[in-house]
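In case you want the letters, here they are:
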Amino acid sequence: MGEIMVIKKTKSLCPECSKTLEAEVYEEHGKVMIKKECPEHGIFDNVYWSSVDSYNKAEECNYEGGGLDNPQTSNDKNCPMDCGVCPEHESHTILGLIDVTNRCNLKCPICFANAAVSKMLYEPSYEEIRKMLQNLRANQPVSTPAIQYAGGEPTIRKDIVDLIKLAKEEGFSHTQIATNGIRLAKRPELAKQLKEAGLNTVYLQFDGLSPEIYEEIRGKDLLSFKREAIENCRKAELGIVLVPTVVKGINDHQIGDIINFAVENLDIIRGVNFQPVSFAGRTPADQVEEQRITIPDFQRLVDEQTESKIKVDDFYPASSVRSVSDFVEAIEKEPQVTFTCHQHCGTATYVFVENEDLIPINRFVDVNKFFELLDKSTIDIKDGGITGKARTLARATVSLPKTIDKSQSPKGVDIKHILTSVFKDRSYSSLGDFHHKTLLISCMHFMDPWNFDTDRIKRCVIHYAVPDGRIIPFCTMNSIYREEIEKEFAVPFKN
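Residues numbered from 1 in each chain as written. Predicted model: local features only at pLDDT ≥ 70, side-chain atom pairs only at ≥ 80, totals over all residues. Heavy atoms only, no water.

### Let's talk about the packing of helix H9 (residues 255–264) against helix H11 (residues 295–305)
- For the pair H9 and H11, the least separation of the axes is 8 Å and the interaxial angle reads 70°. Here H9 lies roughly perpendicular to H11, going by the angle between them. Here H9 and H11 pass one another in a crossing that is right-handed. Across the interface between the two elements, Ile255, Gly256 and Ile259 of H9 pack against Phe298, Leu301, Val302 and Gln305 of H11.
- When grouped by side-chain class, the residues that make up the contact of H9 with H11 number five nonpolar, two polar and no charged. (Axes fitted to C-alpha atoms, helices over the stretch in contact; angles between N-to-C directions. Helix = DSSP H or I, 4+ residues; strand = E, 2+ residues; numbered from the N terminus. Parallel < 35°, antiparallel > 145°, perpendicular 65-115°, else oblique. Left-handed = near helix turned anticlockwise from the far one by under 90°. Contact = heavy atoms within 4.5 Å. Nonpolar A, V, L, I, M, F, W, Y, C, P; charged D, E, K, R; others polar.)

### Considerations on the pattern of salt bridges
- By the definition in use, this model includes 28 salt bridges.
- Here glutamate 486 makes a salt bridge to arginine 482, at a shortest N to O gap of 3.4 Å. Of this pair, glutamate 486 and arginine 482 both sit in helix H17 (residues 474–489), four residues apart, which is roughly one turn of that helix.
- Looking at arginine 482, the relative accessible area reads 7%, which means it is buried.
- One salt-bridge network, held together by shared partners, links Lys8, Asp453 and Asp455. (Salt bridge = Lys/Arg side-chain N within 4 Å of Asp/Glu carboxyl O. Buried < 20%, exposed > 50% of the residue type's maximum accessible area, 1.4 Å probe, protein only.)

### Examining the side chain of threonine 338
- Structurally, threonine 338 can be placed in the loop between helix H12 (322–332) and strand E14 (346–354).
- At 3.1 Å, the side chain of threonine 338 and the backbone oxygen of glutamine 336 are in polar contact.
- Not counting residues up to four positions away in its chain, the partners in contact with threonine 338 are His92, Ile94, Arg322, Ser325 and Asp326. (Polar contact = N/O pair within 3.5 Å; in protein donor to acceptor, adjacent residues only side chain to side chain.)

### Thoughts on the nonpolar core
- If you look at the biggest cluster of nonpolar residues, it comprises 76 residues, and the most contacted ones within it are Tyr149, Leu194 and Leu242.
- Beyond its immediate sequence surroundings of up to four residues, leucine 242 is in contact with Leu204, Phe206, Ile230, Ile258, Phe261, Ala262, Ile269, Gly271, Val272 and Asn273.
- Formed by 27 residues, the second largest nonpolar core is a distinct cluster that contains Ile94, Met447, Phe452 and Ala490. (Core = buried A, V, L, I, M, F, W, Y, C linked by side-chain atoms within 4.5 Å.)

See below:
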């Protein structure tokens, strides 16, 4: 148990000077650690994943991606110093991000971007944002399908409604904003205007159900604003994803309560995406380890706080759904965006809600067998030509019910009919019943300089577009590039 076993070699960052360092990911005492040494600042030895068993299980969903046919930068300096993205990148952009401002109506101590702190105003013009949108859509072989406006606080911009319209004009099928909800609470008409402009989802910062949690994390009690924002979105029929930033010792005890709150508001809340806090450089090492929450910690806390209604084994890496896009690509004969994100970047499960009871999808669908069926069908379609495609779909449709346990299925939901309609007829209308009775519970563990791993960066599927034309992976943007980009394109901030 006490033996050290090296799992892999990678590259990481010095938390003090951001220098790229050689690093080892290794197993010790049942945990996965990452260790590196900076010639100037010494050794850094930190938790990567808190459970080696969970780490190894996620390895089963290790899928390589194809990257972009038209990267924007060369790989002269080697990962992670060539982001733009460079030819080494191995995944498509599934979600594009644009910081439309770094102004904010809060001064949260854990924020990535804040004009009041940096003393610089970063706020791309409407036309600059148009060009960034066009850069994301120009990705080949697959255009970026979804965009999120972030910040700062994007609703501070007077033209935020027009920016949503712009994203739709440029061809994005899904639009969302990351917001603290204060403007949505204070201006009831804003939710309606955003909905009419084409906004699909409000990505609502939601850290808990107690005033003291917001006072600790955000500097003031915001709970009433969160509730008012949700009510205004409900009136506008504008879907919400709750986004809690989870910090050990502050709000990790309310993970179950947040899930229950989402269940109680299932008519308007589509999911909860928990995000363990990422630490900025120069954070004291003891504080990092005291407050660090990894994906296995999250899974365990969900299990404990839902009384095992949702268990650790109910979660799958985000990359597990790769089989679905490969299957669709084989049928449609057109490239599809594919979740080839790194297997250790995120975890998720779909939960059916029935009379406030929670039924994870893998309780009545053999998920592994379903993915195996898709993989086999994909190969058969590619090998069999036109007639082979018809035979494969017919054979797979017969096999599909064998992946479903009717005795455990939620009442009132014909999961066999839903899957068959999508599988055989490519009819997606029946998915509406599925989505309105389910809750997506996920956890994205974004990296910081302490646990930075270039293997994960190369697989990133969430990318920032910036004014100089580059498209930068999320974790390098926030660990390396943000300050230099804001300095280049910002102006002095006046309060």
